[in-house]
Amino acid sequence: MTTYRIATIPGDGIGVDVTAEAVKVVDAVLPGIEWTEFDWSCEQYLRTGAMMPADGPERLAGFDAILLGAVGFPGVPDHISLWGLLIPLRRAFSQYVNLRPVRLLPGTESALRDRTAADLDILIVRENSEGEYSEIGGIHNPGRPEEFVLQESVFTRVGCERIIRYAFDRARERDRRVCSATKSNGLIHSMPYWDSVFERIAAEYPDVETRQMHVDALAAEIVLHPDRLDVIVGSNLFGDILSDLAAAVTGGLGLAPSGNINPQRDAPSMFEAVHGSAPDIAGKGIANPVAQILAAAMLLEQLGERGAAAAIDRAVCEVLAEGSIRTPDLGGGATTTELGTAIAERATELTGG
């Protein structure tokens, strides 16, 4: 049996609570994993002035994968937690794909009226290494009447080509439909360039149906006609916003996993729930662990452990469908630990453990 070394960064708030449940579920289907926990977080930032040590990426480089909780804490600006931990790790390990599957799970309800699981199954492929999330720019003439801020976006040929091609490859595994999020009517340089790359890559995939939609119209499409969408590919900013919207209409962020993927597999990929740290409910035992558990299933799939990943996914679906054990956000009264334990036990049964 292969032994994997997996790093966990529980982070802040409910990240700590839900990561413990995800580890429990993984251990139920794939015992023998070597877990190493790192206490990098906003709380560490408040103590030391840094979210993680300067050699953080080097310390993680030897692991097979990373399971990240959530970061964010009162008193620490969000840009500190993002640029102090997530973005440096994503870029250090060339995790240029942010993969966000959004679907309506059994036993849950959509915010959209009369929509079923068949209508709500979308894979959002977000560019994760450049685009609008750039450090280039700054505040000029600070404190003076002529003060101004400059924020640059970066769209490279290699960055656009590889994320769009990845989206087309994933579409071939699904319903062979790709929709590109653009805003070329308003952004005069970056989005027309993105569109041109999309059109060029699309020509290599004549078997895949393509659409290009302005991001505002695409947001409306997610709400009004989600059944028309399969794979969405977007820039860093557009993919981020659209995936949160899609998660909200498919039951909430507590059910939405994501992966920061290195497709070449020459460095670890990192997996996390889409939701934040929710410090107001941290430690109360009421956070929904499903998103983090499904993120752990994505981690196992990336490692090639597809059977174990499928067992976790099926266990989540069966427990939610039965409906007797649900956290408060799903209308129940179960604790974080009770729901995590129920999923772990069902996964164990499914794998014959």
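Check the entry above for the structure.
How each quantity is defined
Residues numbered from 1 in each chain as written. Predicted model: local features only at pLDDT ≥ 70, side-chain atom pairs only at ≥ 80, totals over all residues. Heavy atoms only, no water. Helix = DSSP H or I, 4+ residues; strand = E, 2+ residues; numbered from the N terminus. Expected span 1.5 Å × (residues − 1). Buried < 20%, exposed > 50% of the residue type's maximum accessible area, 1.4 Å probe, protein only. Core = buried A, V, L, I, M, F, W, Y, C linked by side-chain atoms within 4.5 Å. Domains from an automatic or database assignment. Contact = heavy atoms within 4.5 Å. Axes fitted to C-alpha atoms, helices over the stretch in contact; angles between N-to-C directions. Parallel < 35°, antiparallel > 145°, perpendicular 65-115°, else oblique. Left-handed = near helix turned anticlockwise from the far one by under 90°. Nonpolar A, V, L, I, M, F, W, Y, C, P; charged D, E, K, R; others polar. Pairing = 2+ DSSP bridges.

**Q** With reference to specific residues and values, describe helix α5 (residues 157–172).
**A** The end-to-end C-alpha distance of α5 is 23 Å, a good match for the 22 Å that 16 residues give at a rise of 1.5 Å each. For α5, the complete set of buried residues consists of Gly159, Cys160, Glu161, Ile163, Ile164, Tyr166, Ala167, Phe168 and Ala171.

**Q** I'd like a rundown of the nonpolar core, residues and numbers included.
**A** One recurring pattern in soluble globular proteins is that nonpolar side chains are buried together. Judged by nonpolar contacts, the single largest core of 86 residues is most densely connected at Val125 and Leu300. When residues of this core are assigned to domains, at least three fall in each of domain 1 (1–99 + 253–352) and domain 2 (110–250). Ignoring any residue separated from it by four or fewer positions in sequence, one finds leucine 300 in contact with Val26, Val29, Leu30, Ile33, Glu305, Ala308, Ala309 and Ile312. Core analysis: the next-biggest nonpolar cluster, separate from the first, contains 18 residues, Ile9, Trp40, Leu68 and Leu85 among them.

**Q** Kindly report on the packing of helix α1 (residues 14–29) against helix α9 (residues 290–302), identifying the contributing residues and their values.
**A** Closest axis-to-axis distance for the α1/α9 pair is 8 Å, and the angle between their directions is 45°. Comparing their axes, α9 and α1 come out oblique. Read as a crossing pair, α1 and α9 show a hand that is right-handed. Between α1 and α9, the residues in contact are Val18, Thr19, Glu21, Ala22, Val25, Val26 and Val29 and Gln292, Ile293, Ala296 and Leu300, respectively. Classifying every residue of the contact of α1 with α9 by side-chain character gives eight nonpolar, two polar and one charged.

**Q** Describe unusual backbone geometry, and please don't skip the residues or the numbers.
**A** Despite not being glycine, serine 94 shows a phi value in the positive range, around 50°. Mapped onto the fold, serine 94 is located in the loop between α4 (78–92) and β4 (97–103). Overall, serine 94 belongs to the partly exposed group, its relative accessible area being 29%. One non-glycine residue, arginine 176, adopts positive backbone phi at about 60°. Positionally, arginine 176 belongs in the loop between α5 and β8 (177–182). You can call arginine 176 partly exposed: its relative accessible area is 34%.

**Q** Before we move on, can you summarise the pairing of strand β3 (residues 65–70) with the specific residues and values?
**A** Of all six residues in β3, six are buried; the element is thus mostly enclosed. Pairing of strand β1 (residues 5–11) with β3 involves five bridges; the strand directions are parallel. Residue pairing for β3: threonine 8 is matched across the bridge by leucine 67. Where β3 meets strand β12 (residues 269–273), three bridges bridge the pair, whose relative direction is parallel. Following the sheet pairing, alanine 65 is matched in β12 by serine 269.

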